[in-house]
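Structural overview
So the chains spell out like this:
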Amino acid sequence: MNRKILNLILTIIFITSGISYASTLTVESDKQEFKDSERKIYLEGDVKVKKDDINVLSPHAVVEIDPKNNKVNKVEFKDNAYSYQMQGGKKHEIKAQILEMSLLNNNFSAQGNTLSSITENGKPTVIVTADRQEYNKTTNMMKAFGNVNILYKDVETYSSQAFVTLNNNNDVKKIDLIGTAKLHQGNSKINANKLTYDNIKEVAVALGNVYSDITTEDNKRIEVWSDYQSYDKKSNVVSASGYAKIKYEDYLATGPKVNVYADKTTKKLNEAVFLGRSKIETKGRTIEADRITITMTPKDFKAEGNVKSLSPNIK
């Protein structure tokens, strides 16, 4: 005799935008108890649930029946639940203390030591940990709340909230970080109130109290403060505006806007161009101009347009 007492197959008809389609839900467990007054089925022991290409495993689960239509509404998995979905060579996994699967909107809600990941050919491409997470299979949106940590390729992020948009193949399209957002990549880092990375355009945008600490490949350190910053990976250009400030060795320059460009030959960030009335301070001198250009190698700067120089304490 099969050790499974329950092998329940439910066919649920959904109505979405006026179109009906059938989805099969298979539930297995060692034992079950149905309480008609609560409209719930209590599952105990080696619970396994399968809906389309989604599989969920847990020691305990509760199936909630909608009293209006007598159909399964949601399933709550308890005590270290585990869910996985296979698509081609990619595997999307979710682990949590409590995992809730809503069948009507294809939504997963995870609470307590949550971890979700996407692996491709056995190698993880995205790992997300947080206090609480949600995943909607229809919209391909992952949401994370509380102590959010994301590992994506060579990038690690920290934030209060995060939203990861995936395509139909579970590839990352965009990552939004909200609330004390931090991004680390190698020896460089950026802090801001909000960070957005568009994986398709390969553009990162930071808003609010932005601070970047950039360490180039030849170990040169460039610090940038501003209200807004963006980095275009394809053009290798950093742009900052809103009281932009740059510190490089003994140079401290400020202005309305600055663009940091890479050398065309070495591809390393090597030139910062301030536009608008700007100033640079170095070795006790202050120079103001309409345009200031700083080069890192060779270390130098040039001021152009209504230049004003101040050298105090001259004897």
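Relevant structure appears above.
Residues numbered from 1 in each chain as written. Predicted model: local features only at pLDDT ≥ 70, side-chain atom pairs only at ≥ 80, totals over all residues. Heavy atoms only, no water.

**Describing the environment of glutamate 223**
Within the element layout of this structure, glutamate 223 appears in strand β17 (residues 221-232). Relative accessible area serves as the criterion here: at 12%, glutamate 223 is assigned to the buried category. Sequence separation between glutamate 223 and threonine 24 is 199 residues, and the spatial gap between their C-alpha atoms is 56 Å. At 2.6 Å, the side chain of glutamate 223 and the side chain of tyrosine 211 are in polar contact. At a separation of 3.4 Å, a polar atom in the side chain of glutamate 223 contacts the side chain of arginine 221. (Helix = DSSP H or I, 4+ residues; strand = E, 2+ residues; numbered from the N terminus. Buried < 20%, exposed > 50% of the residue type's maximum accessible area, 1.4 Å probe, protein only. Polar contact = N/O pair within 3.5 Å; in protein donor to acceptor, adjacent residues only side chain to side chain.)

**Structural notes on the pattern of salt bridges**
This model, assessed by the stated rule, comprises 18 salt bridges. Salt-bridge contacts for glutamate 223 lead to arginine 221; the nearest nitrogen and oxygen are separated by 3.4 Å. The closest approach of N and O atoms between glutamate 288 and arginine 277, which form a salt bridge, is 3.9 Å. One end of the pair, glutamate 288, is in strand β21 (residues 285-295); the other, arginine 277, is in strand β20 (residues 269-282), and eleven residues separate them in sequence. Classification of glutamate 288 by relative accessible area gives partly exposed; the value is 29%. Salt bridges linked by common partners bring Lys90, Glu120 and Asp171 together as one network. (Salt bridge = Lys/Arg side-chain N within 4 Å of Asp/Glu carboxyl O.)

**Notes on the pairing of strand β4 (residues 40-51)**
The pairing of strand β3 (residues 31-35) with β4 spans five bridges and is antiparallel. Its bridge partner lying in β4, glutamine 32 is registered against leucine 43. Joining the antiparallel neighbours β3 and β4 is a turn of four residues, in which arginine 39 adopts a positive phi near 55 degrees. Linkage of β4 to strand β5 (residues 54-65), two consecutive antiparallel strands, is achieved through a turn of two residues, within which aspartate 52 is found at a positive phi near 55 degrees. (Pairing = 2+ DSSP bridges.)

**Concerning the pairing of strand β6 (residues 72-78)**
Pairing analysis gives six bridges linking β5 to β6, with the strands arranged antiparallel. Bridge pairing in β6 places valine 62 opposite glutamate 76. As consecutive antiparallel partners, β5 and β6 are separated by six residues, and within that stretch asparagine 70 has a phi angle of approximately 60 degrees, a positive value. Summarising the sheet, β6 and strand β9 (residues 98-102) pair through four bridges and their orientation is antiparallel. Bridge assignment links phenylalanine 77 to a residue of β9, and that residue is leucine 99.

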